[in-house]
Amino acid sequence: MRYVLALDQGTTSSRAVLFDAGGAVCGMAQRELTQRYPKPGWVEHDPREIWEDQVGVAREVLSRSGVEIGDVAAIGITNQRETTVVWDPATGEPLAPAIVWQDRRTADLCDRLKADGAEAMIHGKTGLVVDPYFSATKLRWLLDNVDGLRAKAEQGRAIMGTVDAWLVWNLTGGRRHATDVTNASRTMLFDIHAGQWDGALLELFGVPRSMLPEVVASSGVLGETDPRVLGRAVPIAGIAGDQQAALFGQLCTRPGMAKNTYGTGCFLLLNTGEHPVISAHNLLTTAAWRIGGNTDFALEGSVFVAGAVVQWLRDGLGLIKTAADIEALARGVPDSGGVYLVPAFVGLGAPHWDPRARGLIAGLTRGVTAGHIARAALEGIAFQTLDVIRLMAEDAGMPLAELRVDGGASRNNLLMQIQADLLGVPVVRSAQAETTALGAAYLAGLATGVWGDLGALASHWHADRTFEPVMDPAERERLCAGWRKALDRAKAWEEG
């Protein structure tokens, strides 16, 4: 059995990726996921569509690759995090739409928690800031607003899970209700120090303990698929939230190693080893993975808008025809001409957590061209990453030696060079584009003997290209001073 099947259930699509024992992609299938916006600030998915699409692409990739299900050693799962699903354990039917991690409907509840002084307790136990991003307030909203749901939950007729738990439930035919430590650590109900659901947090959010899944290791056989799903029982042996999976797929397995995924937003994770580092700068402390009884932790910073600013230049301003065109446009000028673009379209994420910030272009003169704005947009992505990395290194006491990168926008060579120049350390782009799915595959394959240990995986990682910093430190500091000035003007804009 030489293959591992990774199920990669993301915010905008469900994918299945088949890897061989060398870590190479042997097949891939993908389906787009319907996005629902019933009210301003609300984002929902259909849990049934998530499941049907995910099992559909799993069957499709096996069929197209010609690989027999009997040759698949294990399944690994990686998923959009924080998105919250509730369902009936007797029938398996969803009891409400899935509330997506991007959803902001619980902002008022978060404000009340802060006003009531609950923030310190929540942060101390979970390593998270109080924000609608996480699952606990979403679940509280469902219990308070879906007719009859709280009564069903108290009677054991309603259970919840993040997307990984929903997939495990369906894959096993309802035999396992389980989540892994990485996903549990994103719910705001899990004590990362004790490694278990926390009674005080459950009481605070009004969540019956019976609703919650069992928390299992990120690497380890937790059950088998129902033979009716794929034609044969296959071990489910790995689970990790998408960003932790990408950290593992990048083989950032030693403390001090970090990765950044450049997608719609940016997600930076720094491995801090076996001890959780509680940030003094509003970064998140999260479980990175649990293997063999040992849990590794990470500091995380979420940048809400990265690649999305390129989409805005394309769709909103019409400056480019395709996202790839931005590099050529930005290379047409030697620098940004003093222009700064703060892409706070939906507020600012880490380390600011300012939902009232708004996007801003500063430093405009009559000589500014489309090229300057394009370059300022790329710099805005890199500056946001720099802000998070600096604070991560300070919190952890671990200076960054290099940054490993992946995601669609990491293919932009100019952006990566700008990033290296601003950070002052090499930026190393992985040769393997599918690092998130690969991380889930690695976790599953380690548990089933496809790979013997972490050392066996080391030879799989290869750099596509390394970007060395060449900028003069004085010039770097001059640019950063201008960024801080622009950032200050973007903050709390709605209150101005």
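For clarity, every value in this text was computed on a predicted model and none was experimentally measured. Note on numbering: residues in each chain are counted from 1, in written sequence order. The predicted origin of the model limits local features to residues at a pLDDT of at least 70 and limits the giving and counting of side-chain atom pairs to 80 or more, whereas totals for whole chains, interfaces and linings rest on all residues. Note: side-chain values were computed over all heavy atoms of the structure, leaving out hydrogens and water.

1. Remarks on the packing of aromatic side chains
The criterion, for reference: The pairing test for Phe, Tyr and Trp rings, Trp by its six-membered ring, is centres within 6.5 Å, and the orientation test on the planes gives stacked under 30 degrees, edge-to-face over 60, and tilted for anything in between. Secondary structure is summarised from DSSP: a helix means a run of H or I of at least four residues, a strand means a run of E of at least two, and numbering begins at the N terminus for each. Only protein chains enter the accessibility calculation, which uses a 1.4 Å probe. A residue is then buried if its area is under 20% of the maximum for its type, exposed if over 50%, and partly exposed in between.
Across all of its chains, the model carries 15 aromatic pairs by this definition. For the ring pair W101 and Y133, a centre distance of 5.9 Å and an interplane angle of 55° mean the geometry is tilted. Residue W101 is located in the loop between β7 (98-99) and α2 (107-115), and its partner Y133 is located in the loop between α3 (119-126) and α4 (135-145); the two are separated by 32 residues in the primary sequence. As far as the burial class goes, W101 and Y133 line up, both buried. Here the aromatic residues W101, Y133, F134, F267, F304 and W353 are joined through ring pairs into a cluster of three or more.

2. A look at the packing of helix α11 (residues 307-315) against helix α13 (residues 370-396)
To be explicit about the condition: Axis definition: a line fitted to C-alpha atoms, over the contacting stretch in the case of helices. Angles run 0 to 180 degrees between N-to-C directions. Roughly parallel refers to an angle under 35 degrees, roughly antiparallel to one over 145, roughly perpendicular to one between 65 and 115, and oblique to any angle outside these ranges. Crossing handedness: left-handed means the near helix sits turned counterclockwise from the far one by under a right angle, and right-handed means the same turn made clockwise. Should any heavy atoms of two residues lie within 4.5 Å, those residues are considered in contact. Under the convention adopted here, Pro, Cys and the residues Ala, Val, Leu, Ile, Met, Phe, Trp and Tyr are nonpolar, Asp, Glu, Lys and Arg are charged, and Gly plus all remaining residues are polar.
Where α11 contacts α13, the axes come no closer than 9 Å and their chain directions differ by 160°. It follows from the interaxial angle that α11 and α13 lie roughly antiparallel. By crossing handedness, the relation of α11 to α13 is classed as right-handed. For the pair formed by α11 and α13, the contact residues are G307, V309 and L313 on the first element and I373, A374, A377 and I381 on the second. Residues belonging to the contact of α11 with α13 are distributed by class as follows: 6 nonpolar, 1 polar and no charged.

3. Remarks on the side chain of S185
Rules: Any pair of nitrogen or oxygen atoms within 3.5 Å is treated as a polar contact; in protein, a donor-acceptor pairing is required on top of that, and neighbouring residues in sequence qualify only through side-chain atoms on both sides.
Considering the arrangement of structural elements, one finds S185 in the loop between α7 (181-184) and β10 (190-191). Only 2.8 Å separates the side chain of S185 from the backbone oxygen of T182, close enough to count as a polar contact. Residues within four places of S185 in sequence aside, it is in contact with T126, L128, F190, I192, Q244, T286 and A287.

4. Some thoughts on the packing of helix α1 (residues 47-65) against helix α6 (residues 163-171)
Interhelical geometry of α1 versus α6 gives an angle of 60° and a closest axis separation of 10 Å. Judged by the angle between their axes, α1 and α6 are oblique. Handedness of the α1/α6 crossing: right-handed. Along the contact surface, α1 presents P47, R48, I50, W51 and Q54, while α6 presents V163, W166, L167, N170 and L171. Broken down by class, the residue content of the contact of α1 with α6 amounts to 7 nonpolar, 2 polar and 1 charged.

5. Observations regarding the pattern of salt bridges
So the rule is basically this: We count a salt bridge whenever a side-chain nitrogen from Lys or Arg sits within 4 Å of a carboxyl oxygen from Asp or Glu.
Applying the stated criterion across every chain, the model contains 28 salt bridges. One salt bridge connects R140 with D144, and the closest N-O pair in it is separated by 2.8 Å. A residue pair is termed a helical-turn pair when its members lie 3 or 4 positions apart in one helix, as R140 and D144 do in helix α4 at 4 residues. Accessibility expressed as a relative area gives 24% for R140, which makes it partly exposed. Where E475 meets R478, a salt bridge forms, and the shortest distance between an N and an O atom there is 2.8 Å. Of this pair, E475 and R478 both sit in helix α17 (residues 473-490), 3 residues apart, roughly one helical turn. Residue classification places E475 among the partly exposed residues on the basis of a relative accessible area of 30%. Through salt bridges with shared partners, a single ionic network connects R81, E82, R186, D242 and E300.

6. Quick notes on the layout of surface pockets
Note the following rule: A pocket, in this scheme, is an open set of points on a 1 Å grid over the protein atoms alone with protein on both sides within 12 Å along at least 5 of 7 lines, while a cavity is a set where a 1.4 Å probe fits but cannot get out; residues line either one if an atom lies within 4 Å of a point. Grid points are joined across faces, edges and corners, and a volume is the space filled by probe spheres set on the points.
Roughly 390 Å³ of volume is contained in the second largest pocket. Lining the second largest pocket are 23 residues, and of these K114, V130, D131, W353 and P355 sit closest to its centre. Among the secondary structure elements, those contributing two or more residues to the lining of the second largest pocket are α2 and α3. Here the lining of the second largest pocket gets 5 residues from one element, more than from any other, and that element is α2.

7. Some words on unusual backbone geometry
Of note, the amide linkage connecting A350 to P351 takes the cis form, showing an omega dihedral of -5°. Assignment of secondary structure puts P351 in the loop between β19 (340-342) and β20 (360-362). Phi at E82 takes a positive value of approximately 70°, unusual for a residue other than glycine. Here E82 lies in the loop between β5 (72-79) and β6 (84-87). Positive phi is not limited to glycine here, since W353 has a value of about 50°. Mapped onto the elements, W353 comes out in the loop between β19 and β20.

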